[in-house]
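# A structural walkthrough
In case you want the letters, here they are:
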Amino acid sequence: MFARCVQLIALLLVCFSAHAQSSDLLHIIVNQLSQHIAVRATFTQQRQSPALTQPQTSSGQLLFVNGHGMLWQVQQPYQQTLALTGTRTLRIDADGHMQPMRSERGVSQISQMLQGMLTGQLDDVTRQFDVRANGSAAQWNLQFTPKQARVAQVLKSIQLDGGVYLQRIRIDMQDGTQTDIQMTDTHDAGPLSALEKHALGLP
């Protein structure tokens, strides 16, 4: 259940609005996010579901590398590392061995949307989602709704909030499940470890 939650998150992180102001803001946001080649952040994730008596909370470290994908390193309540590259989700053990994980419906679309936003690839995003942009470059909000009926049956909406960096992701599913990820201490990544390079397919 926890792995599914992390996949839905990350898997992290549009169509042009009819209003010129919203369209201009969207371009500004995407250009701003795509300037960062590699980013690290601390995340806290909370998942609520009608099937749960209380929210599930986890925390850890996130690494995003432009054009290669994301690493979610869960540290609490237990340790687990997931690599999200394109449409694939891999579980990675301490020795760097990778095992493919089965994705839930809609997960790959969420992953591609987030990676498209963070790399500035709007054309890829527009095929999957409609978007409404609000705020300013300093503090913005994006609301995504899926275009495809089969995805919309599972995924209700995605909300992104941020400024210079992405600060928050909220995913609302049609079954009432909500996943909320807050990101703090976001900064340029610096050198990557050998395990991080291996997991993301870097030389």
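Since this is a predicted model, take the numbers as computed values, not measurements. (Residues numbered from 1 in each chain as written. Predicted model: local features only at pLDDT ≥ 70, side-chain atom pairs only at ≥ 80, totals over all residues. Heavy atoms only, no water.)

Before going further, it helps to spend a moment on the pattern of salt bridges. One pass over the structure, following the stated rule, counts four salt bridges. For R168, the salt bridge identified is with D180, shortest N-O distance 2.6 Å. On the criterion of sequence distance, the pair formed by R168 in strand β10 (residues 166-173) and D180 in strand β11 (residues 178-188) is long-range, its members being twelve residues apart. Here R168 matches D180 in class, with each residue buried. Between D172 and R170 there is a salt bridge, and its shortest N-O distance comes to 3.0 Å. Through salt bridges with shared partners, a single ionic network connects D161, R168 and D180. (Salt bridge = Lys/Arg side-chain N within 4 Å of Asp/Glu carboxyl O. Helix = DSSP H or I, 4+ residues; strand = E, 2+ residues; numbered from the N terminus. Buried < 20%, exposed > 50% of the residue type's maximum accessible area, 1.4 Å probe, protein only.)

Picture the strands of a sheet paired through backbone hydrogen bonds; they go either parallel or antiparallel. If you walk across this open sheet you meet the eleven strands as β6-β5-β4-β3-β2-β1-β11-β10-β9-β8-β7, and the pairing is antiparallel. Since the sheet does not close on itself, it has two edges, and those belong to β6 (98-100) and β7 (129-135), each with one partner. Each adjacent strand pair in this sheet contributes to an overall mean axis angle of 20°, direction not counted. As paired elements, strand β4 (residues 80-85) and strand β5 (residues 88-92) share five bridges and run antiparallel to each other. From the neighbouring strand, L84 faces β5, where its bridge partner is T89. (Pairing = 2+ DSSP bridges. Axes fitted to C-alpha atoms, helices over the stretch in contact; angles between N-to-C directions.)

What follows deals with the nonpolar core. In a soluble, globular protein the nonpolar side chains are often hidden away together inside. L142, F144, I158, L160 and I169 are the most contacted members of the largest nonpolar core, which totals 30 residues. Per-element tally for this core: the top contributor is helix α2 (residues 20-33), with five residues. Within the second largest apolar cluster, eleven residues are counted, among which are A83, I92, L192 and A199. (Core = buried A, V, L, I, M, F, W, Y, C linked by side-chain atoms within 4.5 Å.)

From the geometry alone we can't say anything about function, so treat these as descriptive.
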